[in-house]
Amino acid sequence: MSLVRVQNFSISLDGFGTGDGQSLDAPFGHAGERLHEWMFATRWGHELLGRPGGTGGIDDAFARLFSVGIGAEIMGSGKFGPPGWHSDPDWHGPWGPNPPFHTPVFVLTHHSRPSLEMDGGTTFHFLDAPPAEALEAARAAAGGLDVRIGGGPSMLRDFLAAGLVDHLHVVVVPILLGRGVRLWDGLEDFDRNYTIETMVSPTGVTHLTFTRTGADG
Ligand SMILES: NC(=O)c1ccc[n+]([C@@H]2O[C@H](COP(=O)([O-])OP(=O)(O)OC[C@H]3O[C@@H](n4cnc5c(N)ncnc54)[C@H](OP(=O)(O)O)[C@@H]3O)[C@@H](O)[C@H]2O)c1
């Protein structure tokens, strides 16, 4: 059975997965780029941006697991675009013509629209369905590979609450955001069903992996 995985999901010390005031110019609101600076400093992050260089080490090793063995992603409407994207029929997401997913991507939204085929193998499908149903659709499209839950924090929280996630990689960034959207709210005792390992990177971020008890792989 393929696994349901979360990779590189970054939160602040106070648990926010995005800042306040998301907009076209500020996809993470007042958090700016601070939640993902660790990732874009890595060699993998540089490759993603088409630049030479970048760091090796723990952060790079984790970051590149993003696409390994993944056959589809499910993301929330708030990751696909800033508030108001629904009213722009030409909105294709913030990643340009060749998004970094290279698989089918299921965008959860109550405002459905026709699928969008992008360069590089990414096709966005728009789906209004509860988490378990969305997962069924993504699994069917993933060709036996794993399904990545891409966030943002609201939809990820729903998938965690529904007990659908096998492997969760969270990166705690040592910043305090104070406001935004929290990941952990309402997930009391979530940790009890997982084996948790923690690795502190010399860069200051902490990688936590939650592996569901009994999940194979
Ligand atoms: N920290 C990280 O690593 C990370 C990762 C990814 C994204 N982000 C950031 O997180 C932010 C977005 O997160 P968010 O919490 O605001 O929003 P989100 O989780 O991306 O999306 C929530 C929205 O998705 C739609 N939705 C969710 N579940 C649905 C369902 N079952 N059926 C139909 N529609 C559903 C609804 O929007 P509709 O109004 O369209 O129905 C809902 O308001 C962005 O700033 C993004 O950049 C952070």
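One structure accompanies this document, and this report is about it. It should be emphasised that the depicted structure is a prediction, and the values quoted were computed from it without experimental measurement.

1. Thoughts on helix α6 (residues 153–161)
Where α6 is concerned, the buried positions are Pro153, Met155, Leu156, Arg157, Phe159 and Leu160. With its phi angle positive at about 70 degrees, Gly163 sits one or two positions after the end of α6.

2. Description of the environment of Phe106
Following the sequence through the fold, Phe106 ends up in strand β4 (residues 104–108). Among the residues examined, Phe106 registers a relative accessible area of 7% and is labelled buried. Sequence separation between Phe106 and Ser77 is 29 residues, and the spatial gap between their C-alpha atoms is 9.7 Å. Apart from the residues within four sequence positions on either side, Phe106 is in contact with Ala72, Glu73, Ile74, Met75, His125, Leu127, Ala137, Ala138 and Ala141.

3. Some details on the side chain of Thr103
With respect to the helices and strands, the residue Thr103 is situated in the loop between α4 (77–80) and β4. On the basis of relative accessible area, Thr103 is assigned to the buried category, the value being 8%. If we ignore the near neighbours within four places in the chain, the residues touching Thr103 are Ile70, Gly71, Ala72, Glu73, Gly121, Thr122 and Thr123.

4. Focus: the site of the ligand
In the vicinity of the ligand, 27 residues are found, and the nearest of them are Ser10, Pro27, Thr109, His110 and Ser154. Thr109 places a side-chain nitrogen or oxygen 2.6 Å from an oxygen atom of the ligand. Residue Met155 places a main-chain N or O atom 2.9 Å away from an oxygen atom belonging to the ligand. For the ligand, whose unbound accessible area comes to 940 Å², protein coverage reaches 84%. Put simply, the parts of the chain that give the shell around the ligand at least two residues each are β1 (4–12), β2 (16–18), α4 and α6. Residues belonging to the shell around the ligand are distributed by class as follows: eight nonpolar, 17 polar and two charged.

Analysis parameters
- Residues numbered from 1 in each chain as written.
- Predicted model: local features only at pLDDT ≥ 70, side-chain atom pairs only at ≥ 80, totals over all residues.
- Heavy atoms only, no water.
- Buried < 20%, exposed > 50% of the residue type's maximum accessible area, 1.4 Å probe, protein only.
- Helix = DSSP H or I, 4+ residues; strand = E, 2+ residues; numbered from the N terminus.
- Contact = heavy atoms within 4.5 Å.
- Near = heavy atom within 4 Å.
- Polar contact = N/O pair within 3.5 Å; in protein donor to acceptor, adjacent residues only side chain to side chain.
- Areas by Shrake-Rupley, 256 points an atom, 1.4 Å probe, with all protein chains shown as cover.
- Nonpolar A, V, L, I, M, F, W, Y, C, P; charged D, E, K, R; others polar.

Bear in mind that shape data such as this cannot, by itself, settle questions of function.
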